[in-house]
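One letter stands for each residue in the lines below.
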Amino acid sequence: MKPKINLLILIGSSLIFTILLTLTNPSKLPLFFFIFPFALLFLILFTLSNIVLRRLFMLSDYHKKRREMISIFFALFVTIVISMQSIGQLTLRDFIIIMLIVSISIFYVNKTSFTS
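Keep in mind it's a predicted model, so treat the numbers as computed, not measured. (Residues numbered from 1 in each chain as written. Predicted model: local features only at pLDDT ≥ 70, side-chain atom pairs only at ≥ 80, totals over all residues. Heavy atoms only, no water.)

Re the overall build of the chain
Broken down by element type, the chain carries four helices and zero strands. Listing every helix and strand of the chain by position from the N terminus yields α-α-α-α. For the chain, the spread of C-alpha atoms along the three principal axes comes to 50 × 40 × 25 Å. Of all 116 residues assigned to the chain, the portion counted as buried reaches 28%. Summed over its atoms, the accessible surface of the chain is roughly 8,200 Å², and 75% of this surface lies on carbon and sulfur atoms. (Helix = DSSP H or I, 4+ residues; strand = E, 2+ residues; numbered from the N terminus. Buried < 20%, exposed > 50% of the residue type's maximum accessible area, 1.4 Å probe, protein only. Areas by Shrake-Rupley, 256 points an atom, 1.4 Å probe, with all protein chains shown as cover.)

As structure tokens, then:
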């Protein structure tokens, strides 16, 4: 995506996320609104990591797919860890397993050629 669109998505989803968390009472919400903040968190983390990878490592459009895959794995890792912690199911063993899966996936993505 273009940098301006990424920034708009980041700002918009961050505002919605903040409003949702500050103005709602979890005990009175339907199930959808328990999953929605995690989806928003994933979107925020994906967009933010995509922007950071583009700026920090100067990954051009040539590396766009690789950058997006790494951003997806990072956002997925953080979202899974936070969601498991929020329901009280995160243990050290789970954290290590998730970390290994994400690390192997990122290694695989870096070694894969995305040229068509």
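Side note on a nonpolar patch on the surface
Where nonpolar side chains cluster on the molecular surface, the patch consists of Leu7, Ile11, Leu15, Ile19 and Leu23 and spans about 510 Å² of accessible area. According to the relative accessible area criterion, Ile11 is partly exposed, its value standing at 46%. (Patch = residues over 30% accessible without salt bridge, like charges linked within 9 Å, V, L, I, M, F, W, Y side chains within 5 Å. Salt bridge = Lys/Arg side-chain N within 4 Å of Asp/Glu carboxyl O.)

Points about the side chain of Thr79
As for its position among the elements, Thr79 is in helix H3 (residues 64-86). Within the local environment of Thr79, its side chain forms a polar contact with the backbone oxygen of Ala75, the two atoms lying 2.7 Å apart. Not counting residues up to four positions away in its chain, the partners in contact with Thr79 are Phe38, Leu41, Phe42 and Leu45. (Polar contact = N/O pair within 3.5 Å; in protein donor to acceptor, adjacent residues only side chain to side chain. Contact = heavy atoms within 4.5 Å.)

Section: the packing of helix H2 (residues 32-56) against H3
At their nearest, the axes of H2 and H3 sit 8 Å apart, and the two run at 145° to each other. Between H2 and H3 lies a crossing whose hand is right-handed. Its residues assigned to classes, the contact of H2 with H3 shows 13 nonpolar, six polar and three charged. (Axes fitted to C-alpha atoms, helices over the stretch in contact; angles between N-to-C directions. Left-handed = near helix turned anticlockwise from the far one by under 90°. Nonpolar A, V, L, I, M, F, W, Y, C, P; charged D, E, K, R; others polar.)

Looking at the environment of Met99
Along the polypeptide, Met99 turns up in helix H4 (residues 92-111). For Met99, a relative accessible area of 37% translates into the label partly exposed. Taking the C-alpha atoms as reference, Met99 lies 9.8 Å from Val78; in sequence the two are 21 residues apart.

These figures come from the coordinates and say nothing about function on their own.
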